[in-house]
Amino acid sequence: MVSVYILTIKETNEKYYFTSLVAIFEAFDYDVLKIKYVSLRKHSFKRQPFDNKRIKIEKVTAFGKGDIAEKKNMNYFMLKNGVIE
């Protein structure tokens, strides 16, 4: 499993995908994000995405093939219409 941060630039609706918050700040500066790394690091993504006037950042979990096999054995996923959720 890997955490993925989805950055949406609201003005253009462009989406960018990162595996760390630090990477977001390497790619974009304060003028685009309108938040500093120190402040964003304190945000609880488990509760809700980060959202301001310029951007939205969501945190999701991506599963690889090995993760799926392991979790199937543990009944981790719920099946709905034959699709793992």
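This text follows the structure it describes.
Model, not experiment: these values are computed from the prediction.

Caption draft 1: Layout of the pattern of salt bridges. Applying the stated criterion to the full structure yields one salt bridge. A salt bridge links K10 to D51, with the shortest nitrogen-to-oxygen separation between them at 2.2 Å. Of the two residues, K10 sits in the loop between β1 (2–9) and β2 (14–18) while D51 sits in strand β3 (residues 50–51), which places them 41 residues apart along the sequence. Among the residues examined, D51 registers a relative accessible area of 46% and is labelled partly exposed.

Caption draft 2: Up close: unusual backbone geometry. One non-glycine residue, N13, lies in the positive phi region at around 60°. Considering the arrangement of structural elements, one finds N13 in the loop between β1 and β2. Look at N13 and you get exposed, because its relative accessible area is 54%. Its identity as a non-glycine residue notwithstanding, K34 has a phi of 60°, on the positive side. Assignment of secondary structure puts K34 in the loop between α2 (30–33) and α3 (37–41).

Caption draft 3: Local environment of the sheet that holds β1. On the basis of which strands lie adjacent, the open sheet formed by four strands has the order β2-β1-β4-β3 and antiparallel pairing. Among the strands making up the open sheet, the edge pair consists of β2 and β3. In this structure, β1 lies alongside β2, joined through five bridges in antiparallel fashion. Of the residues in β2, the one forming a bridge with Y5 is F18.

Caption draft 4: Inspection of the packing of aromatic side chains at higher detail. Scanning the model with the defined rule gives four aromatic pairs in all. Ring centres 5.1 Å apart and planes at 65° place the aromatic pair Y16 and F28 in the edge-to-face group. Note that Y16 is positioned in strand β2 and F28 in the loop between α1 (21–27) and α2, a separation of twelve residues in sequence. Plain terms: the ring middles of F18 and F28 are 6.4 Å apart, the flat faces sit at 80° to each other, and that makes the pair edge-to-face. Of this pair, F18 sits in strand β2 while F28 is found in the loop between α1 and α2, placing the two residues ten residues apart along the sequence. For the residue pair F18 and F28, the accessibility class agrees, reading buried in each case. Cluster of aromatic residues (ring-pair linked, three or more members): Y16, F18 and F28.

What counts, and at which threshold
- Residues numbered from 1 in each chain as written.
- Predicted model: local features only at pLDDT ≥ 70, side-chain atom pairs only at ≥ 80, totals over all residues.
- Heavy atoms only, no water.
- Salt bridge = Lys/Arg side-chain N within 4 Å of Asp/Glu carboxyl O.
- Helix = DSSP H or I, 4+ residues; strand = E, 2+ residues; numbered from the N terminus.
- Buried < 20%, exposed > 50% of the residue type's maximum accessible area, 1.4 Å probe, protein only.
- Pairing = 2+ DSSP bridges.
- Phe/Tyr/Trp six-rings, centres within 6.5 Å; stacked < 30°, edge-to-face > 60°.

These results come straight from atomic positions and should not be treated as a statement about function.
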